[in-house]
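Residues per chain are reported as follows:
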Amino acid sequence: MKRRYLGATELATRMSEMIWFDMLVHETKFGITPFEVLAAIREVEAGETQLRTKKASEFTRPPLKGLWHKHYFSARFLAHNILLGWGATGLKQIIEQEMNPAKSPTVNHEMIEAMATRAVAEPIERRFNAGKITGEWVVFAKNNGENYYLCMGTHEMGDQMIYDNIMTGCRHDFPDLQSWFG
């Protein structure tokens, strides 16, 4: 899989076998392509000058303290980003504003088009322009000025599970991994 997506590059040497396995599982099970995950990794490698998703950030609590995560985006996360873009009352406000009887006593094409744009396109555009598109994570460690990509994680997995997966699945690739964080 490495050769297919990155070839014999220096970046490929800083990616664990576990992250490649995670990409394979996510592609098979969820339709998330390795290209989507690698786009987030390339953002980090390029210094995040053109963000598509939230900026990489360090975990602040044990057991992941000292490791970093970067969100990657896939179309399967589109609905979640729209919901986040609405906020607590956003959709209700959009409906009330666009389906207002003062505008027209009957629902018309223009009202529906305006509501659809405001409900779907605008929240995504705002989040994209603010660098706040979210998805799931690429977990990585920083060592000697380089990023080492360890695994993929989800918001639901829990920190301990991610840590345990890293400790069992990545130490053969990076034997001194434990000393890089914590």
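This structure is a prediction, so every number in the text was calculated from the model and none was measured. (Residues numbered from 1 in each chain as written. Predicted model: local features only at pLDDT ≥ 70, side-chain atom pairs only at ≥ 80, totals over all residues. Heavy atoms only, no water.)

Draft legend 1. Spotlight on the overall build of the protein chain. Of the regular secondary structure elements, the protein chain holds eight helices and four strands. Counted from the first residue to the last, the protein chain has its helices and strands arranged as α-α-α-α-β-β-α-α-α-β-β-α. A globule of 182 residues ought to have a C-alpha radius of gyration of about 16 Å, yet the protein chain, at 20 Å, is considerably larger. The dimensions of the protein chain, computed from C-alpha atoms along their principal axes, are 70 × 35 × 30 Å. Split by element, the accessible area of the protein chain, about 10300 Å² in all, is 56% carbon and sulfur. The average position of the 21 basic charges and that of the 22 acidic charges among the side chains of the protein chain differ by 2 Å. (Helix = DSSP H or I, 4+ residues; strand = E, 2+ residues; numbered from the N terminus. Rg over C-alpha atoms; globule rule 2.2 N^0.38 Å. Areas by Shrake-Rupley, 256 points an atom, 1.4 Å probe, with all protein chains shown as cover. Lys, Arg positive; Asp, Glu negative; His and termini not counted. Charge placed at Lys NZ, Arg CZ, Asp CG, Glu CD.)

Draft legend 2. The environment of Gly 31, seen in detail. If you trace the backbone, Gly 31 turns up in the loop between α3 (17–30) and α4 (34–45). Spatially, the C-alpha atom of Gly 31 lies 22 Å from that of Phe 128, the residues being 97 residues apart in sequence. Ignoring anything within four residues of it in the chain, the contact list for Gly 31 reads His 26 and Glu 36. (Contact = heavy atoms within 4.5 Å.)

Draft legend 3. Region of the structure containing the pattern of salt bridges. For the coordinates displayed, the defined rule picks out ten salt bridges. With a shortest N-O distance of 2.9 Å, Glu 98 and Lys 103 are connected by a salt bridge. On the accessibility criterion, Lys 103 (51% relative accessible area) is exposed. Glu 122 is paired through a salt bridge with Arg 118; the nearest N and O atoms lie 3.9 Å apart. Here Arg 118 and Glu 122 lie together in helix α7 (residues 109–129), a separation of four residues that amounts to about one turn. Among the charged side chains, a network of salt bridges with common partners joins Glu 10, Arg 14, Glu 45 and Glu 146. (Salt bridge = Lys/Arg side-chain N within 4 Å of Asp/Glu carboxyl O. Buried < 20%, exposed > 50% of the residue type's maximum accessible area, 1.4 Å probe, protein only.)

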